[in-house]
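# Descriptive analysis of the structure
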Amino acid sequence: MNRASKFVIVTSALCLMSVIAGCNDGKQKVAMLEESNQQLMDDLNNARAELDALRQANDECQRSLTAATGEANQLRGQLASKQEQVPAGWTAVPGGAMIAIEGSVLFDSGKARLRSGASSTLGNVAKALSGQYADKDILVFGHTDDQPIQKSGWKDNYELSAERALSVVRWLSDHGVSPSHLVACGCGEHRPRVPNTSSSNRQKNRRVEIFALDAEVKTASR
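None of the values given here were measured: they were computed from a predicted structure.

### Section: the side chain of His143
Following the sequence through the fold, His143 ends up in strand β3 (residues 137–143). Classification of His143 as buried rests on a relative accessible area of 3%. Not counting residues within four places of it along the chain, the set of residues in contact with His143 comprises Ser161, Cys187, Gly188, Arg191, Asn205, Arg206, Arg207 and Glu209.

Written out as structure tokens, the structure reads:
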């Protein structure tokens, strides 16, 4: 075998080995790609499973929210249907209702004797107390402004407000309201509606408030 033949044989062998090596590298790369692709597929499947679980949980939350909203609306409806309708001029308060009457409607300035025209206003109040609120306790609060007593002869605004409340209580008792339900209270100037900073505000603070409330707290053998 001459040198040329040997050279051809060696060259061919080297080429074959190179081809074989290249094939092996390609197979490894393909295997790695297949393995990576499989991992990606697994990750995708896991993500889809988690997404389905989240969607299911969200659907469950939506159903719970819808049910809770329905129950809340039902309770609101029941509360609205049970809420007591108050007569004209009255305001609903927890446990009953109240009405505020401006002082000048019932009394002359510095006086605790009811004016003759007060009967019309108090007559409507007595009608509500004897009817719709017959089972309530009736609390009558007298209020004044912050001006000190000067000429009217009262010791102080406490005394004036208490005497005005008593005048209203006595009138109501004489006109059909159960005396056992009536209470008179004098607050003086200490519970103003608005600041006593002007004559109009002081007029608003001179008032009598009548509360008709549930008798849940039993006092004085009640």
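### Some remarks on the pairing of strand β4 (residues 182–186)
One ladder, built from five bridges, connects β3 with β4; its direction is parallel. Residue pairing for β4: Ile138 is matched across the bridge by Leu182. Traced from β3 through helix α4 (residues 157–174) to β4, the parallel crossover comes out right-handed.

### Comments concerning the pairing of strand β5 (residues 207–213)
For a regular strand, side chains alternate in direction, first toward one face of the sheet and then toward the other. Within β5, six of the seven residues are buried, which leaves the element mostly enclosed by the surrounding structure. With seven bridges joining them, strand β2 (residues 96–102) and β5 adopt antiparallel strand pairing. Following the sheet pairing, Ile99 is matched in β5 by Ile210. Here seven bridges tie β3 to β5, and the two strands are oriented antiparallel to one another. Bridge assignment links His143 to a residue of β5, and that residue is Arg207.

### Some thoughts on α4
Taking 1.5 Å as the rise per residue, α4 with 18 residues should run 26 Å; its terminal C-alpha atoms sit 26 Å apart, in good agreement. Every buried residue of α4 is listed here: Asn157, Leu160, Ser161, Arg164, Ala165, Ser167, Val168, Val169, Trp171 and Leu172. Buried residues along α4 sit in contact with α2 (103–106), α3 (118–130), β3, β4 and β5. Of the residues flanking the start of α4, the one acting as N-cap is Asp156, its side-chain oxygen 3.2 Å from the backbone nitrogen of Tyr158. Within two residues after α4, Gly176 carries a phi angle of roughly 100°, on the positive side.

Calculation criteria
- Residues numbered from 1 in each chain as written.
- Predicted model: local features only at pLDDT ≥ 70, side-chain atom pairs only at ≥ 80, totals over all residues.
- Heavy atoms only, no water.
- Helix = DSSP H or I, 4+ residues; strand = E, 2+ residues; numbered from the N terminus.
- Buried < 20%, exposed > 50% of the residue type's maximum accessible area, 1.4 Å probe, protein only.
- Contact = heavy atoms within 4.5 Å.
- Pairing = 2+ DSSP bridges.
- Right-handed = clockwise from strand over helix to strand, strands pointing away.
- Expected span 1.5 Å × (residues − 1).
- Polar contact = N/O pair within 3.5 Å; in protein donor to acceptor, adjacent residues only side chain to side chain.

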